[in-house]
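Breakdown of the fold
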Amino acid sequence: MPLLAVEHLSIAFGGLAALSDVSVAVGEGEIVALIGPNGAGKTTVFNVVTGLYRPGRGRVTFAGADLLRLAPHRIARLGLGRTFQNTEVFRALATVDNVLVGEHPRLRAGVLAAACWLGAVRREETAARARARTLLARVGLGDVADVPAGDLPLGSQKRLELARALAGGPRLLLLDEPAGGLNPTETRTLMDLVRGLRDELRLTILVVEHDMDFVMGISDRVAVLHHGRKIAEGTPRAIAADPAVIEAYLGSPTDVATG
Ligand SMILES: Nc1ncnc2c1ncn2[C@@H]1O[C@H](COP(=O)(O)OP(=O)(O)O)[C@@H](O)[C@H]1O
Ligand SMILES: [Mg+2]
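So, here's what we can say about the structure. (Residues numbered from 1 in each chain as written. Chains lettered and ligands numbered in written order. Predicted model: local features only at pLDDT ≥ 70, side-chain atom pairs only at ≥ 80, totals over all residues. Heavy atoms only, no water.)

**A short note on the coordination of the magnesium ion (ligand 2)**
Geometrically, a metal with four donors at the corners of a regular tetrahedron has ideal angles of 109.5 degrees, and one with six donors at the corners of a regular octahedron has ideal angles of 90 or 180 degrees. Rule in force here: Water is absent from the atoms considered, so a metal site may look incomplete; donors are defined as N, O and S atoms within 2.8 Å of the metal, or 3.2 Å for Na, K and Ca. Secondary structure elements are taken from DSSP: a helix is a run of H or I of four residues or more, a strand is a run of E of two residues or more, and numbering for both begins at the N terminus. Here the term buried applies to any residue with accessible area under 20% of the maximum for its type, exposed to any over 50%, and partly exposed to those in between, with areas from a 1.4 Å probe on protein chains only.
Ligation of the magnesium ion (ligand 2) by protein atoms is provided by Thr 43 (OG1) and Gln 85 (OE1), these donors lying 2.1 to 2.2 Å from the ion. Of this pair, Thr 43 sits in helix 1 (residues 42–49) while Gln 85 is found in the loop between strand 6 (80–83) and helix 3 (95–101), placing the two residues 42 residues apart along the sequence. Residue classification places Gln 85 among the partly exposed residues on the basis of a relative accessible area of 33%.

Here it is as structure tokens:
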């Protein structure tokens with residue numbers, strides 16, 4: 001059984017069919033890329049999986065649990081972490097506090113508990129802060145933990161978002177254009193980081209990305225969306241050579257690195 005199974009998903013906005021009968025499965029430990037032109041429906045898949053959109057038809061299960069019955073915060077607590085296409089750090093907050101925001105799904109103490117058990121809450125917060133600093137060091141931001149996140153360059157903000165998504169302790173990470181706006185060196189660093197984290201933390205990853213070096217270099221499998229339909233799925237090498245994919249998205253085969 002795959003860890004994440006998206007089956008026969010359809011969703012429309014007004015008259016527009018954003019997704020039509022889309023199925024994608026991600027096995028435990030796999031890195032699967034979702035690619036396709038702008039407007040193909042990639043982010044919509046993420047929004048359905050994380051509970052922000054309710055599809056007209058289809059099924060989404062995570063470790064066997066039916067996600068379509070759950071609110072977004074319950075889905076996060078099951079072990080789903082996410083980054084967003086547009087970098088969304090709290091610019092005025094210190095980098096470490098941005099990571100702490102991501103701890104929210106795993107903190108046990110709610111408001112009531114906070115009123116009754118202040119000591120326990122403080123201990124939890126101290127432990128969370130220590131974990132946040134460790135995570136920042138792991139993504140290469142240990143030196144800027146106390147700097148306002150808005151002062152960081154884009155490449156660092158992207159890695160901060162990754163650390164924040166990891167702070168919830170996810171089993172599955174959804175990354176929406178993690179290399180968007182990054183230069184080739186930053187992209188390479190991010191790719192090595194994501195691959196290393198997958199191995200260390202035994203993560204499963206579904207990633208949307210336009211940078212084909214990143215996609216080809218990191219994915220076990222690639223699924224291609226076009227106008228809300230899945231037009232192909234296969235190994236990176238097979239996808240890069242698929243005439244329908246080249247026609248819809250990739251352009252001439254020589255544009256793509258197949259390494
Ligand atoms: N909340 C929404 N309201 C209306 N239309 C939407 C909404 N979300 C997505 N869409 C539309 O659905 C289509 C797919 O969007 P999206 O999933 O963001 O594409 P991608 O991430 O592949 O670029 C687009 O035509 C987009 O305008
Ligand atoms: Mg998108």
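From this point, things continue past the structure.
**Notes on the site of ligand 1**
Definition in use: Nearness here has a simple test: a residue counts as near a molecule or strand if at least one of its heavy atoms is within 4 Å of that partner. Accessible surface area values rest on a Shrake-Rupley calculation with a 1.4 Å probe, where residue burial reflects the displayed protein chains alone. Side-chain classes follow a simple rule in which Ala, Val, Leu, Ile, Met, Phe, Trp, Tyr, Cys and Pro form the nonpolar group, Asp, Glu, Lys and Arg form the charged group, and the remainder, Gly included, forms the polar group.
In the vicinity of ligand 1, the residues found are Phe 13, Leu 16, Ala 18, Pro 37, Asn 38, Gly 39, Ala 40, Gly 41, Lys 42, Thr 43, Thr 44 and Tyr 53. Computed on the free molecule, ligand 1 has an accessible area of 560 Å², of which 64% lies beneath the protein chains in the complex. Looking at the shell around ligand 1, the element that brings in the most residues is helix 1, giving three residues. Across the shell around ligand 1, the residue classes break down as six nonpolar, five polar and one charged.

**Let's talk about the sheet that holds strand 7 (residues 172–176)**
Applied cut-off: DSSP-based pairing: two strands are paired if at least 2 bridges between them are found. Axis angles are defined between N-to-C directions and span 0 to 180 degrees, where every axis is a line fitted to C-alpha atoms and, for a helix, only to the segment in contact. In this analysis, two residues are considered to be in contact whenever any of their non-hydrogen atoms come within 4.5 Å of each other.
Read from one edge of the open sheet, six strands run 6-7-8-3-9-10, paired in mixed fashion. Here the strands that pair on one side only, and so sit at the sheet edges, are strand 6 and strand 10 (229–234). Sheet twist, expressed as the mean angle between neighbouring strand axes with direction ignored, is 15 degrees. With four bridges joining them, strand 6 and strand 7 adopt parallel strand pairing. Across the sheet, residue Arg 82 finds its bridge partner in strand 7, namely Leu 174. Lying over the sheet, helix 2 (residues 72–79) contacts strand 6 and strand 7, oriented at roughly 110 degrees with respect to strand 6. Its contacts with the sheet put helix 10 (residues 243–250) on strand 3 (31–35), strand 9 (221–226) and strand 10, and the angle it makes with strand 10 is roughly 125 degrees.

**Notes on the sheet that holds strand 2 (residues 16–26)**
Reading across the sheet, the four strands line up as 2-1-4-5 and stay open at both edges, with antiparallel pairing between neighbours. Strand pairing shows two members of the sheet lacking a second neighbour, strand 2 and strand 5 (65–66), which therefore form its edges. Relative to strand 2, strand 1 (residues 4–13) runs antiparallel, the two sharing seven bridges. Bridge pairing links Ile 11 to Leu 19 in strand 2.

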